[in-house]
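Next come the chains, spelled out residue by residue.
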Amino acid sequence: MKSKFQNIFKNGLGQLTIPIVAICILVIFNLFRDPSFFSIGIAHNNDGNMVLTGNLISIINAASELAVLAMGMTLVTAACGGQDISVGAAAAIAGSAFVKVLKTPNSISGVTVILAFLVACLVAMIFASFNGTLVAFFKIQPMIATLILYTCGRSIAYWINGGATPTVESPIIKAIGSFIPGIPIPTPVLIVIAVAVIFKLVFHFTSLELFTQSVGINGSAARLNGINSTFIKLLSFIILGICVAVAGVIGVSRLGLINHETLLLDVEMDAILAVAIGGNNLGGGKFKISGSIIGAYVIHMLTITLYAMKVSSTDVKAYKAIVIILLVVIGSPVIKSKFTSLMTKIKNSKQDKVAVKGAR
């Protein structure tokens, strides 16, 4: 039994300890504070469709864009040992391109939406490739390389639609941002599940996960073993670009318009924190996509909890920062090594006591 328990931790559950513990603490705290906090109800929305309601639904729905971005950010972090701080600006660019295509025809059809999404993905991948080229080929630290797009990205989004904030009114767009008629689960949640499944399938049928971790741990050693570390780093940025496009489309669909100044504003820091809270090493190497997804939900559950406690919006960021600092510090390599050392000493002490008793 003990060996099975140790194998589970060796296989990666230990990496999820921090996010799982954080979720459990928030759940227990909210249950004590308000037993009905996680109650789920069924109501009719403005279109007359039956949908699920409640704080839990609000949390997993509101965290959808962040969860998608956190998945892509995890790959970049693992491969490059750094983070992309331009994902919010890039999402604004992708969202602007999405709206630009939708506004071209007189009516918005399913084919138009698919074409607009593909264009948004292409545009996001181009800008992600620019970031990836700076990191992979020119060896620029990721945070510095992506600072360029972080600075000018929202201006590019502004130019795409000529400075306007056009609206997109369509049942299809509304369904993407809210609910598909007949399905009570928010569509953004279904999109997160679809993206997570795609990542799982890619990791299962290819060696991308292994190659990414190898490059992040030791790029030189990976190169000696025949892994093209430059390509893996570039590919991680391109995949993040697709995630950025998905998040941008969800954000636009929620609002029914593109606002280049506010779309996913400041989401970069939350995405990095989701990766960190998920137990992933921000210096690169071994990673778990599932940890980053849980980290995204931790951040939004904390936000909803603070609002439910009547904390003002100006104070929410400060409280979030305190809690997140604690979580990140607890999950840091220093604390982990000290905890491991302490557990080893306790184990050895018990073995010594057993040996002494046996000698007697």
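The structure under discussion appears in the preceding block.
Just so you know, these numbers come straight off a predicted model, no measurement behind them.

Trainee: Got a sec to walk through the overall build of the protein? Specific residues and values, please.
Mentor: Looking only at helices and strands, one finds 17 helices and two strands in the protein. Relative to its length of 360 residues, the protein is compact, with a C-alpha radius of gyration of 22 Å against a globular reference of 21 Å. When the backbone C-alpha atoms are referred to their principal axes, the protein occupies close to 90 × 55 × 40 Å. Expressed as a percentage of the 360 residues in the protein, the buried residues total 45%. Put simply, of all contacts in the protein between residues at least 6 apart along the chain, 73% involve residues at least 24 apart. With an accessible surface of roughly 18400 Å², the protein has 68% of that area assigned to carbon and sulfur atoms. Seen as two clouds, the 26 positive and the 12 negative side-chain charges of the protein have centres 17 Å apart.

Trainee: Please provide a residue-by-residue account of the pattern of salt bridges, values included.
Mentor: Applying the stated criterion across every chain yields a total of two salt bridges. Salt-bridge contacts for glutamate 65 lead to arginine 254; the nearest nitrogen and oxygen are separated by 2.8 Å. Taken together, the residues span a long stretch of sequence, with glutamate 65 in helix α4 (residues 64-80) and arginine 254 in helix α13 (residues 229-255) at a distance of 189 residues. Measuring nitrogen to oxygen at the nearest pair gives 3.8 Å for the salt bridge that ties aspartate 266 to lysine 317.

Trainee: Hey, could you go over empty space enclosed by the protein for me, with residue numbers and the actual values?
Mentor: Counted under the stated rule, the structure contains one cavity of 30 Å³ or more. Approximately 50 Å³ is the volume found for the largest cavity. For the largest cavity, the lining is made up of 13 residues, of which Asp84, Ala90, Ala128, Asn131 and Val244 are closest to its centre. Within the residue set of the lining of the largest cavity, elements represented by two or more residues are α5 (87-102), α6 (110-136) and α13. Residue classes in the lining of the largest cavity are distributed as nine nonpolar, three polar and one charged.

Trainee: How would you explain the side chain of threonine 146 if you had to name every residue and give the values?
Mentor: Mapped onto the secondary structure, threonine 146 falls in the loop between α7 (142-145) and α8 (147-160). Threonine 146 gets classed as buried once you look at its relative accessible area, which sits at 0%. Within the local environment of threonine 146, its side chain forms a polar contact with the backbone oxygen of proline 142, the two atoms lying 2.8 Å apart. Contacts of threonine 146, omitting those with residues within four sequence positions, involve Gln83, Asp84, Ile85, Ser86, Asn131 and Phe237.

Trainee: Just give me the short version of the side chain of asparagine 30, but keep the residues and values in it.
Mentor: Relative to the helices and strands, asparagine 30 resides in helix α2 (residues 17-33). For asparagine 30, a relative accessible area of 0% gives the class buried. In this structure the side chain of asparagine 30 is engaged in a polar contact, spanning 3.2 Å, whose partner is the side chain of arginine 33.

Definitions and limits used
- Residues numbered from 1 in each chain as written.
- Predicted model: local features only at pLDDT ≥ 70, side-chain atom pairs only at ≥ 80, totals over all residues.
- Heavy atoms only, no water.
- Helix = DSSP H or I, 4+ residues; strand = E, 2+ residues; numbered from the N terminus.
- Rg over C-alpha atoms; globule rule 2.2 N^0.38 Å.
- Buried < 20%, exposed > 50% of the residue type's maximum accessible area, 1.4 Å probe, protein only.
- Contact = heavy atoms within 4.5 Å.
- Areas by Shrake-Rupley, 256 points an atom, 1.4 Å probe, with all protein chains shown as cover.
- Lys, Arg positive; Asp, Glu negative; His and termini not counted.
- Charge placed at Lys NZ, Arg CZ, Asp CG, Glu CD.
- Salt bridge = Lys/Arg side-chain N within 4 Å of Asp/Glu carboxyl O.
- 1 Å grid on protein atoms, 1.4 Å probe; cavity = no way out; pocket = protein on both sides within 12 Å on 5 of 7 lines; lining within 4 Å.
- Points joined across faces, edges and corners; volume = space filled by probe spheres on them.
- Nonpolar A, V, L, I, M, F, W, Y, C, P; charged D, E, K, R; others polar.
- Polar contact = N/O pair within 3.5 Å; in protein donor to acceptor, adjacent residues only side chain to side chain.

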